Amino acid sequence: MNRLTILLAVFLLLTLGSGIGAAGEIYVQPGDSIQTALNNAVSGDVIILKPGIYTENIKIDKDNLVISSESRNPDDTIITAKSSDNYVISLQADNVKISGLGITGTKNSYTGIYLSGCNNCIIENNKILNNGYGIYLLNSKGNTLSNNMVTNNGEYGILLSASTNNTLSGNMASDNNGTGIHISTSDSNTLTGNNVSSNDVYGLFVCPESDDNLIYNNYFNNTVNTEIQNGVGNAYNTTKTEGKNIVGGSYLGGNFWAEPGGTGFSETAVDEDGDGIADFGYRLAQSTYSDQLPLISSSRPKQPIPPVANFKMDNSNGPAPLLVRFTDLSKNADSWSWDFESDGKIDSTEENPVHVFTTIGTYTVTLSVTNKNGAASKTAAVIVTHPVENGPGNNTTENYETGENATGADGSIGNVTKVVEAGGNGTSYNQTNDSKPGSEAADFNGGDNVDINTSSVEYALENKTDAPGFEIVYGAISLLAVFLYKKVKPRN
C-alpha cells in the first residue's frame, strides 16, 4: 500500500513537470505572427522572438507572460507598427514582462508601448523611438520601467497619467519633441538613475495634482530642465547615503542639473569638501521645491577657490590708548597677516588679534589672507584721538599772595609768592621772588641830573605790588622835584 502511494505521487509530479515544461517557451520567427503566439499562449509562457523585423500591432491581454528577444538586443529584433494610427504594443494585463525589443512606427498620440490598467509589469531594455509617444502608463500601478532608451518621439518620451507607485530607473529619455518625462495626476512614483537630455520643451514636467513623488539621482541636461507646478510631498533628493551616483560620485543625494551650454548649476557649483555634492541647494525654477543635495561631476576638475578677505572691529574710533579687538570673517583662508600701523610691516599673524594704538592719528589697518589658490586683502580705518582729561575743565586760575616781607607803606619790597592752580588736573606750584633791600625812590641833589634808583621801581612794577596808588605818588613827587629845582637854580 505504501509502495502504491509513492508511485502515484511520483506519477503526479512527473505529469505536472511535463505540463510546466510544455507551456514554458514559444519561439517566433520573422514572418510569423507575434499576435498568433500570444493568442495561443497560456499564463506563465515565455514568447521568444528570433532576430529580425516584425511588422504588426499587437495586443496583450493575458496575465503572467514574457515577451522577449532571443538576442536581448533591441537593435536586431524590431517590431514596427503595421498601422501608424495604433499602438505598437497595447498591454492590458498584469505581471507581464517586455524586454529587449526595438519598437517604432506610430504617429500622433499613439504610443510605442501603452499600459492601461496594468499592475506589476516590467518594461526593460527596450529601444522605443520615432513614435507619437514613447511609453504611456494610464491608470497603472506598481510597474517598473528600467534601462529603456526612449528617444526621438513626439510629444512625450515617458508619460504617467493617473498612475501610482511606479518605478522609473536607468532610462534614457532624450531628444523627444516635447517633454522627456511627464507626470500628470500621478502619485508616489520613484524616478532614479534616469538620463533626461536634449528634449525640446522640458526635461521633466510635474503637474500640481501629482503628490509624494521621489525624484533623485537623475541626470538632467535640457534647455529647460523642469516645469514643476508644485504638488504636495514631492522630493527632489533623498538622504545623503554612500553609493555610486549617476555621474560617478560616491554619494547618493539629489540630481545632476546641467545645461547644453555647460553652465548648469551642477556644472558650476562649489564642492569644497569633495563629496560630489554641491555646497548649496538648487532652487527649482518657478517652484516651491529645491534639490537640497544637487550632484556635481566627480570627473570635473575642481575650480580653484581663492580666499575672500574680511574682518570686523569692536572699536574703530576713540582716545589713546585705544584697544581694538579684530575678528576675522574671511572665507577659504589658510593664513592671516595684519598691518596695524600703516607702515607695510606685519604686526600679527593671528586669526583674531588684539592691538593697542597708543599714538594719536588715523591708521589704515590691512588684513591679507592667502590659500593655495591665491591671496586677498581688506582695509579699514582706525582713528585715535587725544586722551580724555580726568577733571571737569582746563581753566587755570592764578592767585597772588604776598609773603611776610611784602611791600610796605615805605615802598620796600619783600617776598612775593605766585600760586597757580590748574582746574584741569589739580596741580599747583609756587613762584617766590627773593626780597631786595629797599632804597629811596628818588634822590634830589640840586644838580642838573636827576639820580633815580630805577631798579627798585622796575622790580616793584614787574611784581605788581599791592601798594595802593604807588605809580601816582611816584609821579607827583617827580614833578614836585623838577619844579623846586628850577626855582632854586641860580640865574646867569
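Residues numbered from 1 in each chain as written. Predicted model: local features only at pLDDT ≥ 70, side-chain atom pairs only at ≥ 80, totals over all residues. Heavy atoms only, no water.

Participant: Mind showing me how you'd approach the overall build of the protein here?
Facilitator: Secondary structure assignment for the protein yields five helices and 40 strands. Within the protein, buried positions represent 38% of all 492 residues. Considering only residue pairs separated by 6 or more positions, the protein has 49% of its internal contacts joining residues 24 or more positions apart. Summing over all exposed atoms, the protein offers an accessible surface of approximately 26,500 Å²; the carbon and sulfur share of this is 50%. (Helix = DSSP H or I, 4+ residues; strand = E, 2+ residues; numbered from the N terminus. Buried < 20%, exposed > 50% of the residue type's maximum accessible area, 1.4 Å probe, protein only. Contact = heavy atoms within 4.5 Å. Areas by Shrake-Rupley, 256 points an atom, 1.4 Å probe, with all protein chains shown as cover.)

Participant: What's the story with the sheet that holds strand E6 (residues 77-80) in this structure? I'm lost.
Facilitator: Paired through backbone hydrogen bonds, the strands of a sheet run either parallel or antiparallel to each other. The nine strands are arranged E3-E6-E9-E12-E15-E18-E21-E24-E28 in an open sheet whose pairing can be described as parallel. If you trace the sheet from one side to the other, it starts and ends with strand E3 (52-55) and strand E28 (256-258), each paired once. Neighbouring strand axes in the sheet, compared pairwise and without regard to direction, differ in orientation by 10° on average. One ladder, built from three bridges, connects strand E15 (residues 149-151) with strand E18 (residues 172-174); its direction is parallel. Opposite Val150, over in E18, you have Ala173 as the bridge partner. (Pairing = 2+ DSSP bridges. Axes fitted to C-alpha atoms, helices over the stretch in contact; angles between N-to-C directions.)

Participant: I'm lost on unusual backbone geometry in this one. Help?
Facilitator: Most peptide bonds take the trans configuration, and most residues that are not glycine carry a negative phi. Cis rather than trans, the peptide bond between Ala320 and Pro321 has omega equal to -10°. Within the secondary structure, Pro321 is located in the loop between strand E32 (317-319) and strand E33 (322-328). Of note in this structure, Thr185 is not a glycine but carries a positive phi near 50°. In this fold, Thr185 is placed in the loop between strand E19 (179-184) and strand E20 (190-192). Judged by its relative accessible area of 42%, Thr185 is partly exposed.

Participant: Whenever I open this one, the nonpolar core confuses me. Can you help?
Facilitator: Soluble globular proteins: nonpolar side chains tend toward being buried together. Among the nonpolar cores identified, the biggest contains 50 residues, and Ile67, Leu91, Ile98 and Leu204 are the most heavily contacted of them. At three residues, the largest contribution of residues to this core is made by helix H2 (residues 34-40). In contact with Leu204, other than residues within four places in its own chain, are Thr179, Ile181, Ile183, Leu191, Ile215, Phe220, Asn225, Thr226, Glu227, Ile228 and Tyr236. Core analysis: the next-biggest nonpolar cluster, separate from the first, contains 17 residues, Val324, Ala333, Tyr363 and Val365 among them. (Core = buried A, V, L, I, M, F, W, Y, C linked by side-chain atoms within 4.5 Å.)

Participant: Where do I start with the side chain of Asn194 in this structure?
Facilitator: If you trace the backbone, Asn194 turns up in the loop between E20 and strand E21 (195-197). A distance of 3.3 Å separates a polar atom in the side chain of Asn194 from the backbone nitrogen of Gly170. Once you skip the residues sitting within four places of it in the chain, Asn194 turns out to touch Leu168, Ser169, Gly170, Asn171, Asn217, Asn218, Tyr219 and Ile246. (Polar contact = N/O pair within 3.5 Å; in protein donor to acceptor, adjacent residues only side chain to side chain.)

Participant: Mind showing me how you'd approach the pattern of salt bridges here?
Facilitator: A side chain of one charge can pair with a side chain of the opposite charge if their charged atoms are brought near each other. Following the criterion strictly, the structure yields five salt bridges and no others. The salt bridge involving Lys127 is made with Asp75; its shortest N-O contact spans 3.0 Å. Of this pair, Lys127 sits in strand E12 (residues 127-129) while Asp75 sits in the loop between strand E5 (66-69) and E6; the two residues are 52 residues apart in sequence, bridging distant segments of the chain. Residue Lys127 is classed as partly exposed on the basis of its relative accessible area of 23%. The partner of Asp275 in a salt bridge is Lys240, with the nearest N and O atoms 2.7 Å apart. Here the residue Asp275 occupies a position in the loop between helix H3 (265-268) and strand E29 (282-283), and Lys240 occupies one in the loop between strand E25 (226-228) and strand E26 (241-242), the gap between them amounting to 35 residues. By relative accessible area, which is 13% here, Asp275 ends up buried. (Salt bridge = Lys/Arg side-chain N within 4 Å of Asp/Glu carboxyl O.)

Participant: Just checking my understanding: could you explain a nonpolar patch on the surface for this structure?
Facilitator: On the surface, Leu323, Val354 and Val356 cluster together into a nonpolar patch covering about 230 Å² of accessible area. Val354 gets classed as partly exposed once you look at its relative accessible area, which sits at 48%. (Patch = residues over 30% accessible without salt bridge, like charges linked within 9 Å, V, L, I, M, F, W, Y side chains within 5 Å.)

Participant: Help me understand the packing of aromatic side chains, please; the structure alone is not making it clear to me.
Facilitator: What characterises a pair of aromatic rings is the spacing of the ring centres plus the angle enclosed by the ring planes. One pass over the full model with this rule turns up 18 aromatic pairs. On the numbers, 4.2 Å between centres and 15° between planes, the contact of Tyr87 with Tyr114 is stacked. Of this pair, Tyr87 sits in the loop between E6 and strand E7 (89-91) while Tyr114 sits in strand E10 (residues 111-116); the two residues are 27 residues apart in sequence, bridging distant segments of the chain. A relative accessible area of 10% means that Tyr114 is categorised as buried. Arranged with centres 5.1 Å apart and planes meeting at 70°, the rings of Phe311 and Trp338 form a pair that is edge-to-face. (Phe/Tyr/Trp six-rings, centres within 6.5 Å; stacked < 30°, edge-to-face > 60°.)

Participant: Would you mind showing me how to read the pairing of E5 here?
Facilitator: For a regular strand, the rule is simple: side chains alternate between the two faces of the sheet. The sheet contact formed by strand E2 (residues 46-49) and E5 spans four bridges and is parallel. Residue Ile48 lies in a different strand from E5, and its bridge partner there is Ser68. Pairing of E5 with strand E8 (residues 97-99) involves three bridges; the strand directions are parallel. Paired with Val66 across the bridge in E8 is Lys97.

Participant: Please explain the sheet that holds E32 as it appears in this structure.
Facilitator: If you trace the four strands from one edge of the open sheet to the other, you get E32-E37-E36-E34, paired in mixed fashion. With one partner strand each, in any of the chains shown, E32 and strand E34 (335-339) form the two edges of the open sheet. The sheet shows a mean angle of 25° between the axes of neighbouring strands, taken without regard to direction. For E34 and strand E36 (residues 361-371), the ladder comprises five bridges, and the chain directions are antiparallel. Within E36, the position partnered with Trp338 by the bridge is Leu367.

Participant: Looking at this model, I keep getting lost on the side chain of Ser99. Mind explaining?
Facilitator: With respect to the helices, strands and loops of the structure, Ser99 is situated in strand E8. Not counting residues within four places of it along the chain, the set of residues in contact with Ser99 comprises Ile67, Ser68, Ser69, Glu124, Asn125 and Asn126.

Participant: So what exactly am I meant to see when it comes to the environment of Pro260 here?
Facilitator: With respect to the element layout, Pro260 can be found in the loop between E28 and H3. You can call Pro260 exposed: its relative accessible area is 58%. Considering only alpha carbons, one finds Pro260 and Phe220, 40 residues apart in sequence, at a separation of 9.9 Å. The contact partners of Pro260, leaving out residues within four places of it in the chain, are Asn221, Asn222 and Thr223.

Participant: What's the story with the confidence of the model for the protein in this structure? I'm lost.
Facilitator: In low-pLDDT regions, the fine details of the predicted coordinates are not to be read closely. Per-residue confidence for the protein averages 82 on the pLDDT scale, and 73% of its residues sit at or above 70. Segment residues 10-21: pLDDT under 50, and zero contacts once partners within four positions in sequence are set aside and those in other chains are kept. Low pLDDT, under 50, characterises residues 391-468; the stretch is placed with 93 contacts to residues that sit more than four places away or in other chains. (pLDDT = per-residue confidence, 0-100.)

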